[in-house]
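For reference, the chains in residue letters:
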Amino acid sequence: MGEEIRSEPSSFIGELNFDWIEETDHAAIMKEEASEDDLADFLGGMRAMLD
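Here the residue numbering is sequential within each chain, running from 1 through the sequence in written order. Residue-level local features of this predicted model are given only where pLDDT is at least 70; pairs of side-chain atoms are given and counted only at 80 or more, and the full residue set underlies all totals for whole chains, interfaces and linings. Side-chain measures here rest on the full set of heavy atoms in the structure, leaving out hydrogens and waters.

Draft legend 1. Spatial organisation of the overall build of the protein. The helix and strand labels rest on DSSP assignments: H or I over at least four residues marks a helix, E over at least two residues marks a strand, and numbering proceeds from the N terminus. Check the secondary structure of the protein and you find two helices and zero strands. For the radius of gyration, the atom set is restricted to C-alpha positions; the globular benchmark scales as 2.2 Å times the number of residues to the power 0.38. Relative to the compact-globule value of 10 Å for 51 residues, the protein shows a C-alpha radius of gyration of 16 Å, a clear excess of over 25%. Projected onto the principal axes, the alpha-carbon positions of the protein cover approximately 45 × 25 × 20 Å. Relative accessibility decides the category of a residue: with a 1.4 Å probe and only protein chains considered, values under 20% of the type maximum give buried, values over 50% give exposed, and everything between is partly exposed. Taken over 51 residues, the protein has a buried fraction of 0%. For the protein, the exposed surface amounts to about 5700 Å²; the carbon and sulfur share of it is 54%. Where accessible areas are quoted, they stem from the Shrake-Rupley method and a 1.4 Å probe; at the residue level, only the protein chains shown are allowed to cover.

This is how it looks when you write it as structure tokens:
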């Protein structure tokens, strides 16, 4: 939970078409505020698990 763990890339990455790959910055994503829709979806999923 929030801990950064370094891992080796999969050997299958070299077989992918790089036009299909979207690179993201994990640190930037983790610093973003969750949107109202994201929170509603998360809480709705939690409620569904409790029913």
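Next comes the rest of the account.
Draft legend 2. Quick look at the environment of D51. Secondary-structure assignment places D51 in the segment after α2 (36-50). Looking at D51, the relative accessible area reads 83%, which means it is exposed.

Draft legend 3. Molecular detail of a nonpolar patch on the surface. A surface patch of nonpolar side chains, amounting to about 560 Å² of accessible area, comprises I13, L16, F18, W20 and I21. Mapped onto the secondary structure, I13 falls in the segment before α1 (26-31). Like charges are joined within 9 Å and nonpolar side chains (Val, Leu, Ile, Met, Phe, Trp, Tyr) within 5 Å, but only among residues with over 30% relative accessible area and no salt bridge; these make up the patches. Basic side-chain nitrogens of Lys or Arg form a salt bridge, by our definition, when they fall within 4 Å of a carboxyl oxygen of Asp or Glu.

Draft legend 4. Focus on the environment of E8. Looking at the secondary structure, you find E8 in the segment before α1. What makes E8 exposed here is its relative accessible area of 74%. Along the primary structure E8 and G44 are separated by 36 residues, whereas in three dimensions their C-alpha atoms are 35 Å apart.

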